[in-house]
Amino acid sequence: MSTPVKIHCINDVDNNPLIKENTLNETGYEVTFLASGQACFDTALNSPPDLFLLDVMTPNLDGYETCQKIREHSQLAHTPVIFISADASIETRLHSYAAGGDDYIIKPFEEGELKAKVRATLKRKHTLDLARKEVSEVTLSTMDIMRSMGEMSTVVHFLQAICLCDSYDSLAKKVIKAHRDLGLEVAVQIIVNDEKMQYFTDDVENPLEDSIFQYVRRKGRLIDFGQRTAVNFPYISIIVRNMPTDNPSFHGRIRDHVAIIGQGADSKIKALQTAITVKAQRESLLNIINQIEATMMKINKDYKSQQVTNESILAASAESLENSFMSLGLSYAQEDCLRELIEAAETKINALFQSGLNLESEFSVILQQIDATLKTSTIENDEEPEEEIDNETITLF
């Protein structure tokens, strides 16, 4: 059974009905007669009608004032008003229109005219109500789209910002900021090499959350429980403390956003772990190279010192041999032969030392090249940290 159309009608100043009670006695119409404009307005607040029939002159509030109050009230502002009056002047019509009237009927009138105008006005109201409803739905949809775009902007900004993160702490701060920008309170746990690091939106740890993290990490990628949602990846888990459970559309979008943020953070943690390991290995290698260089410098110094010592020994031996020639009774040919043997041995020894020095010099050049390459690589990584984002398609939940 359809709801009847409610019509509020006000008596005129002589307390005569503006219309006869049976004039609008049609199926679907429910007419209420009221004694004054104020009574009409007060009654409408409790039981809003679909149409007002007002006389220009009414007790307490005249028709114009009553119509203005109707238009100023949000609950009644769109309810149509038909003025009925014996005054046919254009001034009265303009005054009625300025007060917010929708139509005007001059007394006396034919019942058919009143019924036609009532039907036309109600039809127009129905059309306008549908249009306003559509506009409202479009507005809500547009606002929803705009909010969604704002949320995606936050996620994209997060994915861009984490490229500059060089530590787990700085990454966790970006994760918390992204969720705070979405209006969410979160707890974040990062696990690297069995070391747990926990961060919170308000920097206040909930004693239960540590055990909750252990529980949800065994339950899969995404878990909803009450107003909380947990998202798990190999290196990071995020617990949202205040999911919008009263708004299914927003709730679904937030789940997707949290999943994207989680996967982006997880990929960055993996990249950071690799970068930290490589950096540690590089620093270890540089340290070894420095030790080798120090050892080579010491060997070089000792080598040169030994060369000087050997040359001194050979020179002293040659001088002693030269002095002993007189007592040995050697011929000049024998003496020359001995000198040649000593000089040849000295030449070979010097050549051997020089060969060692050349080998040390070549090895030192190689070490310098390795050292320069590693240091250049370190500088480049410090200035432009690389981001190893997983290229796999992100699965939304």
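Scroll up to find the structure.
Q: Which parts of the structure should I look at to understand the state of the cysteines?
A: With the rule as written, the count across this model stands at zero disulfides. Cysteine Cys 165 remains unbridged, with the sulfur of Cys 163 as its closest cysteine sulfur at 8.5 Å.

Q: Before we go on, may I ask you to explain helix H3 (residues 90–99) in this structure?
A: Because an α-helix completes one turn every 3.6 residues, residues spaced three or four positions apart along the sequence face the same direction. Buried within H3 are the following residues: Thr 92, Ser 96 and Ala 99. In a view along the axis of H3, the buried residues occupy a sector of 65°, so they form one face of it. Looking at H3, the residues exposed on the side facing more than 90 degrees away from the buried face are Ile 90, Glu 91, Leu 94, Tyr 97 and Ala 98. Buried residues belonging to H3 abut helix H2 (63–72), strand E4 (81–85) and strand E5 (103–106). Following H3 by one or two positions, Gly 100 has its phi on the positive side, about 115°.

Q: Sorry if this is basic, but what is going on with the pattern of salt bridges here?
A: When the charged atoms of two side chains lie near each other, side chains of opposite charge can form a pair. Scanning all chains against the criterion turns up eight salt bridges. Arg 71 is the partner of Asp 102 in a salt bridge, and the nearest nitrogen-oxygen pair spans 2.8 Å. Here Asp 102, found in the loop between H3 and E5, pairs with Arg 71, found in helix H2; they are 31 residues apart in sequence, far enough to count as distant. Across the pair Arg 253 and Glu 151 runs a salt bridge, and its minimum N-O distance is 2.8 Å. In this pair, Arg 253 sits in helix H7 (residues 248–328) while Glu 151 sits in helix H4 (residues 111–161), placing the two residues 102 residues apart along the sequence. What you see here is one network of salt bridges that share partners, running through Lys 125, Asp 129 and Arg 132.

Q: Where do I start with the side chain of Thr 79 in this structure?
A: Mapped onto the elements, Thr 79 comes out in the loop between H2 and E4. Its relative accessible area of 6% is what places Thr 79 among the buried residues. Among residues more than four places away in sequence, those in contact with Thr 79 are Pro 49, Asp 50, Leu 51, Phe 52, Arg 71 and Asp 102.

Q: I keep staring at the sheet that holds strand E3 (residues 51–55) and nothing clicks. Help me out?
A: Strand order across the open sheet formed by five strands is E2-E1-E3-E4-E5, with parallel pairing between neighbours. Each edge of the open sheet carries a strand with a single partner, namely strand E2 (29–34) and E5. With strand direction ignored, the average angle separating the axes of adjacent strands in the sheet is 20°. The pairing of E4 with E5 spans four bridges and is classified as parallel. In the strand pairing of E5, Phe 83 is matched with Tyr 104. Lying over the sheet, helix H1 (residues 37–46) contacts strand E1 (5–10), E2 and E3, oriented at roughly 160° with respect to E1. Its contacts with the sheet put H2 on E1, E3 and E4, and the angle it makes with E4 is roughly 180°.

What counts and what doesn't
- Residues numbered from 1 in each chain as written.
- Predicted model: local features only at pLDDT ≥ 70, side-chain atom pairs only at ≥ 80, totals over all residues.
- Heavy atoms only, no water.
- Disulfide = S-S within 2.5 Å.
- Buried < 20%, exposed > 50% of the residue type's maximum accessible area, 1.4 Å probe, protein only.
- Helix = DSSP H or I, 4+ residues; strand = E, 2+ residues; numbered from the N terminus.
- Arc of directions from axis to C-beta.
- Contact = heavy atoms within 4.5 Å.
- Salt bridge = Lys/Arg side-chain N within 4 Å of Asp/Glu carboxyl O.
- Pairing = 2+ DSSP bridges.
- Axes fitted to C-alpha atoms, helices over the stretch in contact; angles between N-to-C directions.

Remember that the coordinates give geometry; whether it matters functionally is a separate question.
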